[in-house]
Amino acid sequence: MALLSLNSLTFTFAEPKLLDGISLNVERGERIGLVGRNGMGKSTLMRLISGELSPEDGSVTLEQEAKAAYLTQHVPSDTVGTVFDHVAAGIPNIGAEVARFRILDLKTHAGKTLSDEEQAEFEALATRIAAADAWDALHRAENQLREMGLDPDGAFGSLSAGKKRRVLLAAALVNDPDLLLLDEPTNHLDLDSILWLQEFLGRFSGTLIFVTHDREFLQSLATRIIEIDRGRVFDWTCNYATFLKRRDELLAAQIQHETLFDKKLAEEEKWIRQGIKARRTRNEGRVRALEKMREERQARRGAMGSVKMRTQDVERSGSLVVRAKGIRFSYGDTPILRDFSSEILRGDKIGLIGPNGIGKTTLLKILLGELEPNEGEMRFGTKLEVAYFDQLRSQLDEDKSARENVSDGADMLSINGNQRHVIGYLSDFLFSPERSMTRVGFLSGGERNRLMLAKLFTKPANVLVLDEPTNDLDAETLELLEDLLVEYSGTLLAVSHDRAFLNNVVTSTYVFEGDGVVREFDGGYDDWVRQRLMIPTKPRITVPLNQSSKVKLVSPATPQTKSKNSTARKLTFKESRELEELPNVIDRLESRVDEFHARMGDAAFYQQDGDSITKQKAELARAETQLAESLKRWEELESRSDKTQSL
């Protein structure tokens, strides 16, 4: 007998049916990844299995005496109680008594004498726990917390989101479930927590059904894939990578079948509309077959559309976006950055990796000029247009509709110089007209993320800052976002714990290693894992901690790569004036080069006469030569200036 059986299960919030007569068997020991587009019913199916919802038709049958535990994707905001209190709550009917018993038991082990009232309570609790056969659950709770590295007496409300997830998982496991249901267990976890959870669940001996947007997590754990699509389920007994290949083959075959079906239907419709002579002689069986084809075509549910994303056209930034040199920053006695130095150029795509709360968002604010470092020098480039994707989605007003959040109440939006109605624009992000009028507070996590992307891409930007952009997005939308960012010609800074996203998009990573140390590695997540094992790895720390410098903020900026062959000869008065003027010269030359590139990118440019085209190309070559010479001269003078100042 199967551990879990779903028989003709039907559930509807509104037409069409979310789940339409689905049937499924789950055997013991399976690890099932539940996949599908946002809004297809994954979380709903989990709630039906857990008993939180009741089906309209059909049944959910769990093997007799088998136990199931459900971990939702939402972390409670409770600030009351200890870690052990929350874990003990997972013991049915007697959790509060178990938590109280532990407090009294610890008191006796600490050599303290219980009062008469406490002693009586202690004995009564022991009796009730024994009667409920809950001693094993008590020991399991203590062992789980020990294995998860959690302090049972710590305050639950003071924990990070990742630690709270561990507590909730311990609460789900304390009753020794046969079936564990996990809905987006990696949401808002940092990489260390995700890797820990992945390894922990790999050792779980029960049956696992989980929903996740983390493709690496899914590939590592799932031995079977169940896909929900348009009310039906598709069963794939394979890992995630194999599923993707087989699913694409099935979709191609399905499209071919539907194309042939629609062609035949059109031919039959043409036949039925022929003249009176044809009607007198038409075959009644053929007519009945046509009616059946019409019904089949009408019942067909089209595949959910794909998000249509594109960035707004904007003037290119200067070659240099930002340069940080010897940056230090701390909150009180807690160091966030120690002598961080880096140079970000136009077109760089940089990922930020590190535990939650270590300072990734702080570094972003410093790189954007929103926060001033305690020490060090920041140089900012020219023509920077920044668009920011906030991890907490605080840019969305929950009391306003999706439409109002994107357009600020206006009917029309300017998208790349064209006027578009806001409803039509939101349809590109899979919002129906009705859903566009829905308050943000009622939108799902995936819908909020799509809305944030829709709002983000209304703004012209040559620097994109994305703080956890992948949470709650389905795999198809994630892949489209990745394709867009790979082709994006501007600069990208992205905080993400999604390993596949980092591998597919970024060209280098800033890795926070603790105690203010940040190192830079080429490539994405897998490249970092490989490089960190190599010794030596050149750190970003270049100045001893006992050495200080004043904060110096300069804008606009120009490159300052030091010339190794520069001498320490003091600059003459003329050279000092030249050094002061060079940033403006370089800025003007960069603008001139950008203007030529913009002209030549227009098809009308090549409709001019040949002499004019040749002349302008020659002017561009001269400007590029002058720019290169100015940059070289600036490097030489700046290097000598720095060296003489340090003597």
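What counts as what
Residues numbered from 1 in each chain as written. Predicted model: local features only at pLDDT ≥ 70, side-chain atom pairs only at ≥ 80, totals over all residues. Heavy atoms only, no water. Helix = DSSP H or I, 4+ residues; strand = E, 2+ residues; numbered from the N terminus. Contact = heavy atoms within 4.5 Å. Expected span 1.5 Å × (residues − 1). Buried < 20%, exposed > 50% of the residue type's maximum accessible area, 1.4 Å probe, protein only. Arc of directions from axis to C-beta. Phe/Tyr/Trp six-rings, centres within 6.5 Å; stacked < 30°, edge-to-face > 60°. Axes fitted to C-alpha atoms, helices over the stretch in contact; angles between N-to-C directions. Parallel < 35°, antiparallel > 145°, perpendicular 65-115°, else oblique. Left-handed = near helix turned anticlockwise from the far one by under 90°. Nonpolar A, V, L, I, M, F, W, Y, C, P; charged D, E, K, R; others polar. Pairing = 2+ DSSP bridges. Salt bridge = Lys/Arg side-chain N within 4 Å of Asp/Glu carboxyl O. Core = buried A, V, L, I, M, F, W, Y, C linked by side-chain atoms within 4.5 Å. pLDDT = per-residue confidence, 0-100.

### Some thoughts on the environment of Arg-310
Part 1: Tracing the backbone through its elements, the reader meets Arg-310 in the loop between helix 11 (284-299) and strand 10 (320-331).
Part 2: In this structure the C-alpha to C-alpha distance between Arg-310 and Phe-457, which are 147 residues apart in sequence, comes to 6.9 Å.
Part 3: In this structure, Arg-310 is in contact with Asn-416, Phe-457 and Leu-484, ignoring residues within four places of it in sequence.

### Re helix 5 (residues 135-147)
Part 1: The end-to-end C-alpha separation of helix 5 is 19 Å, in line with the 18 Å expected for 13 residues at 1.5 Å each.
Part 2: Among all positions in helix 5, only Ala-137, Leu-138, Ala-141, Gln-144 and Leu-145 are buried. The arc that holds every buried residue of helix 5, seen down its axis, measures 130 degrees, which confines them to one face. Turned more than 90 degrees off the buried face of helix 5, the exposed positions are Asp-136 and Arg-146.
Part 3: Contacts from the buried residues of helix 5 go to helix 2 (83-88), helix 3 (95-109), helix 6 (161-173) and helix 7 (191-202).
Part 4: Note on helix 5: the residue one or two positions beyond its end, Gly-149, has a positive phi of about 70 degrees.

### Structural notes on helix 17 (residues 475-487)
Part 1: In this model helix 17 runs 19 Å from its N-terminal to its C-terminal C-alpha over 13 residues, within 8% of the 18 Å that 1.5 Å per residue would give.
Part 2: Where helix 17 is concerned, the buried positions are Ala-475, Thr-477, Leu-478, Leu-481, Glu-482, Leu-484 and Leu-485.

### Here we look at the packing of aromatic side chains
Part 1: What the rule picks out here adds up to 10 aromatic pairs.
Part 2: Between the aromatic rings of Phe-101 and Phe-122, the centroid separation amounts to 4.8 Å while the plane-to-plane angle is 10 degrees, which identifies the pairing as stacked. Note that Phe-101 is positioned in helix 3 and Phe-122 in helix 4 (residues 116-131), a separation of 21 residues in sequence. For the pair Phe-101 and Phe-122, one class covers both residues: buried.
Part 3: Seen from their ring centres, Phe-210 and Phe-217 are 5.8 Å apart, and the 90 degrees between their planes marks the pair as edge-to-face.

### Quick word on the packing of helix 3 against helix 4
Think of two packed helices as two axes; the pair is described by the angle between the axes and how far apart they sit.
Part 1: Remark: helix 3 packs on helix 4, axes separated minimally by 10 Å, with the N-to-C direction vectors making an angle of 130 degrees. Taken together, the axes of helix 3 and helix 4 lie oblique to each other. Of the two possible hands of crossing, helix 3 and helix 4 adopt the one that is left-handed. Contacts from Glu-97, Val-98, Arg-100, Phe-101, Leu-104, Asp-105 and Lys-107 of helix 3 reach helix 4 at Glu-118, Glu-121, Phe-122, Leu-125, Ala-126, Arg-128 and Ile-129.
Part 2: For the contact of helix 3 with helix 4, the per-class residue count stands at seven nonpolar, no polar and seven charged.

### Some points on the environment of Ala-134
Part 1: In this structure, Ala-134 sits in the loop between helix 4 and helix 5.
Part 2: Look at Ala-134 and you get buried, because its relative accessible area is 3%.
Part 3: Taking the C-alpha atoms as reference, Ala-134 lies 8.0 Å from Ile-94; in sequence the two are 40 residues apart.
Part 4: What Ala-134 contacts, discounting residues up to four positions off in sequence, is Ile-91, Ile-94 and Ile-129.

### Quick look at the sheet that holds strand 1 (residues 4-11)
Part 1: Pairing within the open sheet is antiparallel, and its three strands lie in the order 2-1-4. A single partner strand is all that each edge strand has here, and the edge strands are strand 2 (19-26) and strand 4 (57-62). Within the sheet, the average angular offset between the axes of one strand and its neighbour, ignoring direction, is 15 degrees.
Part 2: Here six bridges tie strand 1 to strand 2, and the two strands are oriented antiparallel to one another. Among the inter-strand pairings, Leu-4 is bridged to a residue of strand 2, identified as Val-26.
Part 3: Packing of helix 1 (residues 42-50) onto the sheet brings it into contact with strand 1, strand 2 and strand 4, and relative to strand 1 it is tilted by some 125 degrees.

### Things to note about the pattern of salt bridges
Side-chain pairs of opposite charge can arise whenever the charged atoms involved come near each other.
Part 1: Here the structure, examined in full by the defined rule, presents 28 salt bridges.
Part 2: A salt bridge links Glu-147 to Arg-203, with the shortest nitrogen-to-oxygen separation between them at 2.9 Å. In this pair, Glu-147 is assigned in helix 5 and Arg-203 in the loop between helix 7 and strand 7 (207-211), connecting sequence segments 56 residues apart.
Part 3: On the basis of relative accessibility, which here comes to 39%, the residue Glu-147 falls in the partly exposed class.
Part 4: In this structure, the salt-bridge partner of Glu-398 is Arg-448, at a minimum N-O distance of 2.7 Å. Of this pair, Glu-398 sits in the loop between strand 14 (386-389) and helix 13 (402-407) while Arg-448 sits in helix 16 (residues 445-456), and the two are 50 residues apart along the sequence.

### Here we look at the nonpolar core
Part 1: Residues Leu-169, Leu-180 and Leu-201 are the most contacted members of the largest nonpolar core, which totals 53 residues.
Part 2: If one sorts the elements of this core by residue count, helix 6 sits on top with six residues.

### As for the sheet that holds strand 9 (residues 232-236)
Part 1: The strand order 5-6-7-3-8-9 describes an open sheet built from six strands, whose pairing is mixed. Since the sheet does not close on itself, it has two edges, and those belong to strand 5 (68-71) and strand 9, each with one partner. Going across the sheet, the axis of each strand differs from the next one's by a mean of 15 degrees, ignoring polarity.
Part 2: Relative to strand 7, strand 6 (residues 179-183) is paired through five bridges, and the arrangement is parallel. Bridging across to strand 7, Leu-181 finds its partner in Ile-209.
Part 3: Taken strand by strand, helix 1 contacts strand 3 (31-35), strand 5, strand 6, strand 7 and strand 8 (224-229), and its axis lies near 150 degrees from that of strand 6.

### Brief notes about the confidence of the model for the protein
Part 1: Scored by pLDDT, the protein comes out at a mean of 82, with 86% of its residues at no less than 70.
Part 2: Taking the mean pLDDT of every element in the protein, the minimum, 43, falls on strand 21 (residues 552-554) and the maximum, 96, on strand 7.
Part 3: Throughout residues 535-567 the model reports pLDDT below 50, and contacts reaching past four residues in sequence, or to other chains, amount to 87 contacts.

### Some remarks on the pairing of strand 20 (residues 517-522)
Part 1: Pairing geometry for strand 19 (residues 508-514) and strand 20, over six bridges, is antiparallel. The partner of Gly-514 across the bridge, within strand 20, is Val-517.
Part 2: The turn joining strand 19 and strand 20, which pair antiparallel and follow one another in sequence, is formed by two residues; a positive phi near 55 degrees is taken by Asp-515.

### Examining unusual backbone geometry
Part 1: Residue Asn-93 is not a glycine yet carries a positive backbone phi of 70 degrees.
Part 2: By the element assignment, Asn-93 lies in the loop between helix 2 and helix 3.
Part 3: Classification of Asn-93 as exposed rests on a relative accessible area of 81%.
Part 4: A positive phi angle, near 55 degrees, is found at Glu-468, a position not held by glycine.
Part 5: Within the element layout of this structure, Glu-468 appears in the loop between strand 17 (463-467) and helix 17.

### Considerations on the packing of helix 6 against helix 7
Part 1: Where helix 6 meets helix 7, the axes come as close as 12 Å, and the angle between the chain directions of the two elements is 15 degrees. As far as their axial angle goes, helix 7 and helix 6 are roughly parallel. Handedness of the helix 6/helix 7 crossing: right-handed. Where helix 6 approaches helix 7, its residues Arg-166, Leu-169 and Leu-173 are matched on the opposing element by Ser-193, Trp-196, Leu-197 and Phe-200.
Part 2: Tallied by class, residues from the contact of helix 6 with helix 7 come to five nonpolar, one polar and one charged.

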